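Coordinates in review
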Amino acid sequence: MNTRLKTIDLARGASVFIMILVHTLWMYSSKELQSESLFGAVIHILGKGTASFLVAMGLSMALSRRQAPMLLINRGIQLLLLAYLMNAAKFWLPIEVFNTVPEAFINAYGWQSPLSAGQLQFMVLTGDILQLAGVSLVLFGVLNIARWKTTWIAFFAIAIALVSQFVRGQQFALSPYISDLFFANNYQVYFPVFPWISAILTGYVLGRLYINSQHNAAYLFNVCAKLGAALLVIGSVWLFIDFKGQFGNFFHLNGGGIIYLVGLNLCALALIEYAIANKFNGPITRALLYASKHVTALYIIQWVLICWLMGVFGYHTQSLVPTLCLMALMSLLTFAVHKMYLQIKLTLLGFKQKPKRAA
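Below or above, wherever it landed, is the structure these notes cover.

1. Concerning the overall build of the chain
- Along the chain, the regular secondary structure elements total 17 helices and 0 strands.
- In terms of overall dimensions, the chain is globule-like: its C-alpha atoms have a radius of gyration of 21 Å, near the 21 Å expected for 359 residues.
- Put simply, the chain has 359 residues, and 49% of those count as buried.
- Surface accessibility of the chain: about 17900 Å² in total, with carbon and sulfur atoms responsible for 68%.
- Taking the 24 positively charged and 9 negatively charged side chains of the chain as two groups, their mean positions are separated by 21 Å.

The structure is reproduced here in structure tokens:
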């Protein structure tokens, strides 16, 4: 990505660290720490930065040269395969092979060990943000969105946000699970396409505006600030009128919720650009840029590690100080494992490229 969009990389990199904190809290911390403490509230507020990650994804897609329909579809299918392999690694392996998952985690689903094949399948098919990204890329390829006018994409984003509450929980006769990937109102799919793809589409529109402005970063973030403020006001008013219906369930938002979140995160991007992006270049900045570059791999690694280590640290058992220690540990382990993965990959690549000696 162009260095003038360092802000987007910093925001995406920050989202990697935040997701490790959030997932550590969700899986290890006691319910009291999660729901009845200032610490839990702060971590959950940070977790609302999901929309920033999705906006960054859409913007990056708009700037990418790889927008041919089949390339998008292939990339989407690859992401979906990775997503379900991740689910198998984080759920099936520790339950069926390692036998290390705490019974409390199984009980949280309303089940008891041993799990049936159907229950294991439910867990492996859990829809998370990687499924959203994969389905969105396939959808972009099928619709050939690269050929759409910018105004069409903007109206599409608005339309999806507005109709979300009317299609929430709808089922296709052909496949209830595919329906859930688009319209879920249950916790097998956490990030349904409706309305979360609106954030990706918003980023795509911003990317188009950035290209049309001859890559003028100041113009882009001025638009982010103004559009973000407008959406924040609209979303806030909507939430004031109907908070429970629009934002009562973070994962299954409706129009007011997604408009509010996109507005909030666009304002945050503008703030990062004006206050931080070009003023610091120390180790923290380098760590954020590294995380942004490897976001998909780091996402998979941290989830697998957190789920595997439930057998050591328990499920919903930790107080504040142990949680803080585990957040630091999971962050360090995630990046250490990723470094090892890169080293192994580089070594294997070196073996493949090593020329054979003449006989």
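2. Some details on the nonpolar core
- Core analysis: the largest hydrophobic core is formed by 99 residues, its most contacted members being Met27, Phe105, Phe140 and Trp196.
- Here this core gets 11 residues from one element, more than from any other, and that element is helix α11 (residues 193-212).
- Contact partners of Met27, with chain neighbours within four places excluded, come to Phe105, Trp303, Ile306, Cys307, Met310, Gly314, Tyr315 and His316.
- In this structure, Val22, Leu25, Leu33 and Ile43 belong to the second largest nonpolar core, which totals 5 residues.

3. Quick notes on the environment of Leu253
- Relative to the helices and strands, Leu253 is located in the loop between α12 (217-247) and α13 (255-277).
- Classification of Leu253 by relative accessible area gives buried; the value is 0%.
- In the structure, Leu253 is positioned 214 residues away from Phe39 in sequence and 24 Å away in space, judged by C-alpha atoms.
- Residue contacts for Leu253: discarding those within four places in its chain leaves Ser164, Arg168, Pro195, Trp196, Gln246, Phe247, Ile258 and Leu261.

The rules behind the values
- Residues numbered from 1 in each chain as written.
- Predicted model: local features only at pLDDT ≥ 70, side-chain atom pairs only at ≥ 80, totals over all residues.
- Heavy atoms only, no water.
- Helix = DSSP H or I, 4+ residues; strand = E, 2+ residues; numbered from the N terminus.
- Rg over C-alpha atoms; globule rule 2.2 N^0.38 Å.
- Buried < 20%, exposed > 50% of the residue type's maximum accessible area, 1.4 Å probe, protein only.
- Areas by Shrake-Rupley, 256 points an atom, 1.4 Å probe, with all protein chains shown as cover.
- Lys, Arg positive; Asp, Glu negative; His and termini not counted.
- Charge placed at Lys NZ, Arg CZ, Asp CG, Glu CD.
- Core = buried A, V, L, I, M, F, W, Y, C linked by side-chain atoms within 4.5 Å.
- Contact = heavy atoms within 4.5 Å.

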